[in-house]
Amino acid sequence: MKNNNIIVTMENVSKRFSSVLALDKVNLQVRKAQVVVIVGPSGSGKSTLLRCINGLELVDSGTVQINGQYIDSHNQTSIYTAREHTGMVFQQFNLFPHIKVIDNITLALRKVKKIPKKQAEEIAIPLLKKVFLLDKKNVYPNELSGGQKQRVAIARALAVNPSIMLFDEPTSALDPEMIKEVLDVMNDLAEKDNMTMVIVSHEMGFARSIANLAVFMDQGKIIESGNPEIVLYNPQKERTKKFLEHII
Amino acid sequence: MASTIKYSDSTLIPSKENKHAIFAWYLSFFSAIAITMSLVFFKPDPFQEIIWFVSDGIIRTFQITISAMFFALIIGFFSGLGQIARNRLLNTISTVYVEVVRGIPLLVQLMYLYYGLGKLLSIGELPAAIAAISICYAAYLSEIFRAGIAAIPKGQMEAALALGFSRKKALFYLIIPQTFRMILPPLGNQFIALLKDSSLVSILAVSDLLRRGREFASVSFKYFETYTLVALIYLIITLFLSKLVALLEDKFSYEE
């Protein structure tokens, strides 16, 4: 019963990159429709944590479950299953520059899910409307601004109908005047669609307004997590206080 | 970090931005054509005769170039994939192939394949010539394919994987199509270089352009006239091809 409401469970997850311990026995649970914001200094393991959720990084020890299914490093099928349930948005957008916006969104549907082109486009059109870019359907990514690119990337990730969206610093590479249009789209996703999201971000104001769980990480450990009002504005731990003083 | 210099190691492929190179191209191309035409029209003896004599050699040169490029592209493509493969064995085979073949001069490879292996296995001179050039150029093309794939940002593969693509599918649908646009200029350069190197097959008694010229000259003793014309024909062909590659490059680029 209660499992139906849990999208992600990470238990005792550790991950090492040669000499650096990127994740150190991390535990995290994400419930349906929950918006989790992860903050922390660079190199604290935020991105690695996110990338362990969809198997872009495989854990050294501990377990990761998505919708009740374990990601098994030795079982490629379990990794593909995890990626079917997740959508990811990257800091550098990573749109495919050689195909049009519409094809960026439909390619995975057509080539991975084997949906015919026409039906795939029927899925893509409402998503383009959702990110306010229907008029850019037939242009190439290089003709778009950074904010537009990131909105296309969000539509592309949504196309495969994920149960959770992972955002890896989605606004860090954007000019200041373009940040809002991306945050607005993310806000809509949370409020109108009740999308489950895990966001690595430095936008404190945004984090406070959108998150129902804030997580502070440092040196691969979760130092503090809980109500964003407390973690982001009234932290209990010294390390969190120090970090927040530096960035605000 | 040391800085590197930019230079062209083959026929100049004129790019739009480089006005000097474009001027140089026009100057050489149209001068070559003008000189050839006037030689043939105003001095038909011996130039018209030479043209007639070597014309089947031009066709043979194209035959060798196009078939060798075709096989080199196929072998080079798979070898390039092998060079980036995670499979240790495939990787080693491809990398050793590239290193060994690039370390031996094409002329030596031609002699080896025809006089060495060819005599043992009774391969004719034309197949031996095409095989030797294909094997040699495939090694250079392999390196181009490898570098092209390596030049695609890592995020492209990650985005594809995150969308559910397998590594192979991502390579096939997303990485390789992007690579082709990037490697078109070096591939074009190699094609032109191959055409020029195809003249080496004349030592195997393959009747290409150079060989036909040699035959004509040794009978008529008109060495100067014959080799002048042969050189002009090679020049016109390579300059024409370099322009063609530049146009293709323009057509397929999406940078802006």
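(A) Quick look at the packing of helix 2 (residues 44-84) of chain B against helix 8 (residues 209-220) of chain B. All names here are of chain B. For the pair helix 2 and helix 8, interaxial distance at closest approach is 7 Å and the crossing angle is 150 degrees. Put simply, helix 2 runs roughly antiparallel to helix 8. As helix 2 packs across helix 8, the resulting crossing turns out to be right-handed. Across the interface between the two elements, Pro46, Ile50, Phe53, Val54, Asp56, Gly57, Ile58 and Thr61 from helix 2 touch Leu209, Arg211, Arg212, Gly213, Phe216 and Ser220 from helix 8. Taken together, the residues of the contact of helix 2 with helix 8 sort by class into seven nonpolar, four polar and three charged.

(B) Quick look at the pairing of strand 6 (residues 86-89) of chain A. All names here are of chain A. Of the two faces of strand 6, the one lined by Thr86 and Met88 and the one lined by Gly87 and Val89 are each fully buried. Note: strand 6 against strand 7 (residues 164-168), four bridges, orientation parallel. Paired with Gly87 across the strands is Met165, a residue of strand 7.

(C) Main features of the sheet that holds strand 4 (residues 61-66) of chain A. Residue and element names in this part refer to chain A. As summarised here, the arrangement of the four strands in space is 2-1-4-5, forming an open sheet in which the pairing is antiparallel. Each of the sheet's edge strands pairs with one partner strand only, and the pair in question is strand 2 (20-31) and strand 5 (69-70). Sheet topology places strand 1 (residues 6-17) next to strand 4; five bridges connect them, and they run antiparallel. Among the inter-strand pairings, Ser14 is bridged to a residue of strand 4, identified as Ser61. Lying over the sheet, helix 1 (residues 46-53) contacts strand 1, strand 2 and strand 4, oriented at roughly 55 degrees with respect to strand 2.

(D) Quick look at the pairing of strand 3 (residues 35-39) of chain A. Residue and element names in this part refer to chain A. Along strand 3, five of the five residues are buried, which leaves the element largely enclosed by surrounding structure. Burial of strand 3 is two-sided: the residues Val35, Val37 and Val39 facing one way and the residues Val36 and Ile38 facing the other way are all buried. Relative to strand 8 (residues 197-200), strand 3 is paired through four bridges, and the arrangement is parallel. By the bridge assignment for strand 8, Ile38 is matched with Val200. As defined by bridge partners, strand 3 adjoins strand 9 (residues 213-218) across four bridges and the pair is classed as parallel.

The rules behind the values
Residues numbered from 1 in each chain as written. Chains lettered and ligands numbered in written order. Predicted model: local features only at pLDDT ≥ 70, side-chain atom pairs only at ≥ 80, totals over all residues. Axes fitted to C-alpha atoms, helices over the stretch in contact; angles between N-to-C directions. Helix = DSSP H or I, 4+ residues; strand = E, 2+ residues; numbered from the N terminus. Parallel < 35°, antiparallel > 145°, perpendicular 65-115°, else oblique. Left-handed = near helix turned anticlockwise from the far one by under 90°. Contact = placed C-beta atoms within 7 Å. Nonpolar A, V, L, I, M, F, W, Y, C, P; charged D, E, K, R; others polar. Buried ≥ 20, exposed ≤ 12 C-beta atoms within 10 Å, placed from the backbone. Pairing = 2+ DSSP bridges.

Read these as layout, nothing more, since geometry by itself doesn't imply function.
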